[in-house]
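Now for the letters of each chain:
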Amino acid sequence: MKTIEMVVNNEIYVIVNVLDKSNKKISKVKEYINLLSKQLDENIKGFIVLSNSDTALVKVEIINRDGSYGYLSANGILCAAKYLHEKKYTGSTSFDIETSHGNRNVSFDLKNNEIKNLNINLGNGSTNPKKIPMFCEKNIFINEEILVDNKKYCVTAVSVGNSHLVSFVDNIKNIDIQELGPKMECYYLFPERVNVEFAEILNEKNIRAKIWERGCGKAKSCGTASAAIVYAGIVSGKLALEDEYIIHTDSEIQRVSIDSDKNLHIVNSYHKVYKK
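A quick note: this is a predicted structure, and the numbers were derived from the prediction, not measured. (Residues numbered from 1 in each chain as written. Predicted model: local features only at pLDDT ≥ 70, side-chain atom pairs only at ≥ 80, totals over all residues. Heavy atoms only, no water.)

### A look at the confidence of the model for the chain
Line of reasoning, step 1. Chain-level statistics for the chain give a pLDDT mean of 87 and a share of 91% at 70 or above.
Line of reasoning, step 2. Of all the helices and strands in the chain, strand 17 (residues 274-275) carries the lowest mean pLDDT, 53, while strand 11 (residues 195-201) carries the highest, 98. (pLDDT = per-residue confidence, 0-100. Helix = DSSP H or I, 4+ residues; strand = E, 2+ residues; numbered from the N terminus.)

Okay, here's the thing in structure tokens:
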């Protein structure tokens, strides 16, 4: 099992290369990772497992710090793209990766061997509770009230390849994500738990956010969370349709765009990725 630690946005990912390994070997590696993940340093976000794919360049699986599967991670894909380029698995700057929710296209530019203008096409978002998934007989879950610690929160549940619960608030400074995050992550409506975002709209294109990731905890940054915030804002009527939105977190600025087919794109202008 080949491993390498890579750092992006001050978060550490462990890349596990099981390309060309047998299914039996891969299963054993995943069992080992599942045990090891619970003993990780808190600065390590999780594992990125690269294996063979019949439909894309590689299959990427994300295993969180608590051993659960993350389904999709923009920063994780950034690390994977850097690794695949450096190890010469591809000479292309545009390729598909296989995820548990289908193939996703990744493209980027290179400048001094660093990835620039990373673009991940997440496809269309969804508010269908069956796709999130959640226990809900409604066809959508938009601007609904939930009760947490005897306080009501207006939330919208969406899927952008993984599940998210988004709440728009007037003042993000009043939100204690360490307190509310784990309670909402495990809210009874979500059988597989859920990622949680609180967002304050600054103007038509700029949004400030606090993020709690399922299986990882408070996040310094998260591409899919940014896409989920934008999508939730549009379907809930809180955001007008624009060509690009900027999500501000404590550690980075994340750009999200929407194309003519209503596909959500995570666009990172530049982030240094390096080996630890």
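### Remarks on the pairing of strand 14 (residues 244-248)
Line of reasoning, step 1. Counting buried positions along strand 14 yields 4 of 5 residues, so the element is predominantly enclosed.
Line of reasoning, step 2. Where strand 14 meets strand 15 (residues 253-258), 5 bridges bridge the pair, whose relative direction is antiparallel. The residue bridging His248 from the neighbouring strand is Ile253, located in strand 15.
Line of reasoning, step 3. The turn joining strand 14 and strand 15, which pair antiparallel and follow one another in sequence, is formed by 4 residues. (Buried < 20%, exposed > 50% of the residue type's maximum accessible area, 1.4 Å probe, protein only. Pairing = 2+ DSSP bridges.)

### Let's talk about the pattern of salt bridges
Think of it this way: side chains of opposite charge can pair up when their charged atoms draw near.
Line of reasoning, step 1. Following the criterion strictly, the structure yields 8 salt bridges and no others.
Line of reasoning, step 2. Between Lys82 and Glu86 there is a salt bridge, with the nearest N and O atoms lying 3.2 Å from each other. One end of the pair, Lys82, and the other, Glu86, are both in helix 2 (residues 74-86), 4 residues apart, so they sit about a helical turn from each other.
Line of reasoning, step 3. We classify Lys82 as buried; its relative accessible area is 4%.
Line of reasoning, step 4. Residues Glu179 and Lys183 are paired through a salt bridge, measuring 2.6 Å at the closest nitrogen-oxygen approach. On the criterion of helical spacing, the pair formed by Glu179 and Lys183 is a turn pair, its members being 4 residues apart in helix 3 (residues 177-185).
Line of reasoning, step 5. By relative accessible area, Glu179 is classed as partly exposed at 39%.
Line of reasoning, step 6. Put simply, Asp149, Glu179 and Lys183 are held in one network by salt bridges that share partners. (Salt bridge = Lys/Arg side-chain N within 4 Å of Asp/Glu carboxyl O.)

### Section: a positive patch on the surface
Line of reasoning, step 1. The grouping of Lys21, Lys24, Lys25 and Lys28 at the surface amounts to a positive patch.
Line of reasoning, step 2. For Lys24, the location among the structural elements is in helix 1 (residues 23-37).
Line of reasoning, step 3. A residue is classified by how much of its surface remains accessible, and Lys24, at 63% relative accessible area, is exposed. (Patch = residues over 30% accessible without salt bridge, like charges linked within 9 Å, V, L, I, M, F, W, Y side chains within 5 Å. Areas by Shrake-Rupley, 256 points an atom, 1.4 Å probe, with all protein chains shown as cover. Lys, Arg positive; Asp, Glu negative; His and termini not counted. Charge placed at Lys NZ, Arg CZ, Asp CG, Glu CD.)

### What to know about helix 4 (residues 223-235)
Since the α-helix packs 3.6 residues into each turn, any two residues three or four apart lie on the same face.
Line of reasoning, step 1. Compared with an ideal rise of 1.5 Å per residue, which puts 13 residues at 18 Å, helix 4 spans 19 Å between its outermost C-alpha atoms and is within 8% of the ideal.
Line of reasoning, step 2. Among the 13 residues of helix 4, 11 are classified as buried, and the element is accordingly described as predominantly covered.
Line of reasoning, step 3. Turning to helix 4, its buried residues are Gly223, Thr224, Ala225, Ser226, Ala227, Ala228, Ile229, Val230, Tyr231, Ala232 and Gly233.
Line of reasoning, step 4. Backbone geometry just after helix 4 places Gly237 at a positive phi near 85 degrees. (Expected span 1.5 Å × (residues − 1).)

### Structural notes on the nonpolar core
For soluble globular proteins, the rule of thumb is that nonpolar side chains tend to be buried together.
Line of reasoning, step 1. Core analysis: the biggest nonpolar cluster contains 47 residues, and Ile15, Ile48, Leu50, Val106, Ile120, Leu122 and Ile229 have the highest contact counts within it.
Line of reasoning, step 2. Of all the elements, helix 2 adds the most residues to this core, at 8 residues.
Line of reasoning, step 3. The contact partners of Ile48, leaving out residues within four places of it in the chain, are Tyr13, Val14, Ile15, Val16, Val60, Glu61, Ile62, Gly76, Cys79 and Ala80.
Line of reasoning, step 4. One finds Ile132, Ile177, Leu180 and Phe190 within the second-largest nonpolar core, a separate group that totals 22 residues. (Core = buried A, V, L, I, M, F, W, Y, C linked by side-chain atoms within 4.5 Å. Contact = heavy atoms within 4.5 Å.)

### Topic: helix 3
Line of reasoning, step 1. For helix 3, the complete set of buried residues consists of Ile177, Leu180, Gly181, Met184 and Glu185. An end-on view of helix 3 places all buried positions within 125 degrees of arc, on one side of the element.
Line of reasoning, step 2. Where helix 3 starts, the residue carrying a side-chain oxygen 3.2 Å from the main-chain nitrogen of Gln178 turns out to be Asp176. (Arc of directions from axis to C-beta. Polar contact = N/O pair within 3.5 Å; in protein donor to acceptor, adjacent residues only side chain to side chain.)

### Considering unusual backbone geometry
With the exception of glycine, most residues fall at negative phi, and the peptide bonds are largely trans.
Line of reasoning, step 1. Here the bond from Ile132 into Pro133 is cis, since omega is -15 degrees, no more than 30 degrees from zero.
Line of reasoning, step 2. With a phi close to 60 degrees, Lys88 is a non-glycine residue in the positive phi region.
Line of reasoning, step 3. You can see Lys88 is positioned in the loop between helix 2 and strand 5 (94-99).
Line of reasoning, step 4. Residue classification places Lys88 among the exposed positions, given a relative accessible area of 73%.
Line of reasoning, step 5. With a phi angle near 65 degrees, Arg193 is a residue other than glycine that sits in the positive phi range.
Line of reasoning, step 6. By secondary structure assignment, the location of Arg193 is in the loop between helix 3 and strand 11.
Line of reasoning, step 7. The exposure class of Arg193 is partly exposed, given its relative accessible area of 24%.

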